[in-house]
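Residues per chain are reported as follows:
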Amino acid sequence: MAYILAVNGNIVADTGGACTVNDCANNTGVPFCMFMGAPFDLGYLECRERAKRSMVTATAVASFVSCVLMGAFANLPFGIAPGMGINAFFTYTVVGFFGSGGMISYREALAAAFIEGWIFFVISITGLRTKITTIVRSTRLQAADRGGRP
């Protein structure tokens, strides 16, 4: 699980985090100034490093709290940490490298992830999650039995 601290921080920091064009050392405020320089703007890279350190800390705290809660309430010896696939999707598809070319902004993506987490929490607490997995599991088994044919 230790590699997740470094890898998760590095991947999510590629979004640029809360860094903006105003953090650029040269051409401050110019769109895409972070790509100007050799190979990137130094001011923007410094901001990205601060964001990376913050994300490593946030990953460590979230993993610690999740592991303690899993042990205390579920009585299961599982280590819990962020999944790496969704982080790459979040960074390179939803937000885009250094916040450029993504579908939405970094702040909007964080808000969407926060809301999604609460929706999943409510679905889990109400028991709806178990019903959904039961329904999906039975239809997948039926499809597999038929080889995907009707």
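Residues numbered from 1 in each chain as written. Predicted model: local features only at pLDDT ≥ 70, side-chain atom pairs only at ≥ 80, totals over all residues. Heavy atoms only, no water.

## Thoughts on the domain arrangement of the protein chain
- Entries for the protein chain in the domain assignment read domain 1 (1–103) and domain 2 (105–149).
- For domain 1 versus domain 2, the distance between C-alpha centres works out to 25 Å.
- Taken together, the seven residues of domain 1 in the interface contact five residues of domain 2.
- For the domain 1 and domain 2 pair, buried surface summed over both sides reaches about 480 Å², with 75% attributable to carbon and sulfur atoms.
- Viewed at the interface, domain 2 and domain 1 are joined by zero salt bridges.
- Taken together, the connections running from domain 1 to domain 2 amount to zero residue pairs in polar contact (both at pLDDT 80 or more). (Domains from an automatic or database assignment. Contact = heavy atoms within 4.5 Å. Buried area = accessible area lost by both parts, 1.4 Å probe. Salt bridge = Lys/Arg side-chain N within 4 Å of Asp/Glu carboxyl O. Polar contact = N/O pair within 3.5 Å; in protein donor to acceptor, adjacent residues only side chain to side chain.)

## Here's the deal with the UniProt feature "transmembrane region" (unreviewed entry) in the protein chain
- Per the UniProt record, "transmembrane region" (unreviewed entry) is annotated on residues 55–74, 80–98 and 110–128.
- End-to-end, the C-alpha atoms of residues 80–98 are 28 Å apart, and along that stretch the chain is 63% helix and 0% strand.
- Split by type, residues 110–128 is 95% helix and 0% strand. Its first and last C-alpha atoms lie 25 Å apart. (UniProt positions renumbered as here; feature names shortened; annotations may be inferred. Helix = DSSP H or I, 4+ residues; strand = E, 2+ residues; numbered from the N terminus.)

## A short note on unusual backbone geometry
- One non-glycine residue, Asn-75, adopts positive backbone phi at about 55 degrees.
- Summarising the element assignment, Asn-75 is placed in the loop between α2 (42–74) and α3 (84–95).

## Let's talk about the side chain of Arg-48
- Positionally, Arg-48 belongs in helix α2.
- Of the polar contacts made by the side chain of Arg-48, one reaches the side chain of Glu-49; its length is 3.4 Å.

## Overview of the packing of aromatic side chains
- Going through the model one piece at a time under the given rule, you end up with seven aromatic pairs.
- When the centroid spacing of 6.4 Å and the interplanar angle of 70 degrees are considered together, the rings of Phe-90 and Tyr-106 count as edge-to-face. A residue pair is termed long-range when its members are at least 10 positions apart, and Phe-90 in helix α3 and Tyr-106 in helix α4 (residues 106–126) qualify at 16 residues.
- Since its relative accessible area comes to 16%, Tyr-106 is described here as buried.
- Measuring from ring centre to ring centre gives 6.3 Å for Phe-114 and Trp-118, while their planes differ by 70 degrees; the resulting arrangement is edge-to-face. Highlighted residues: Phe-114 and Trp-118, both in helix α4, separated by four residues, approximately one helical turn.
- What links up through ring pairs into an aromatic cluster is the set Phe-40, Tyr-44, Phe-97 and Phe-98. (Phe/Tyr/Trp six-rings, centres within 6.5 Å; stacked < 30°, edge-to-face > 60°. Buried < 20%, exposed > 50% of the residue type's maximum accessible area, 1.4 Å probe, protein only.)

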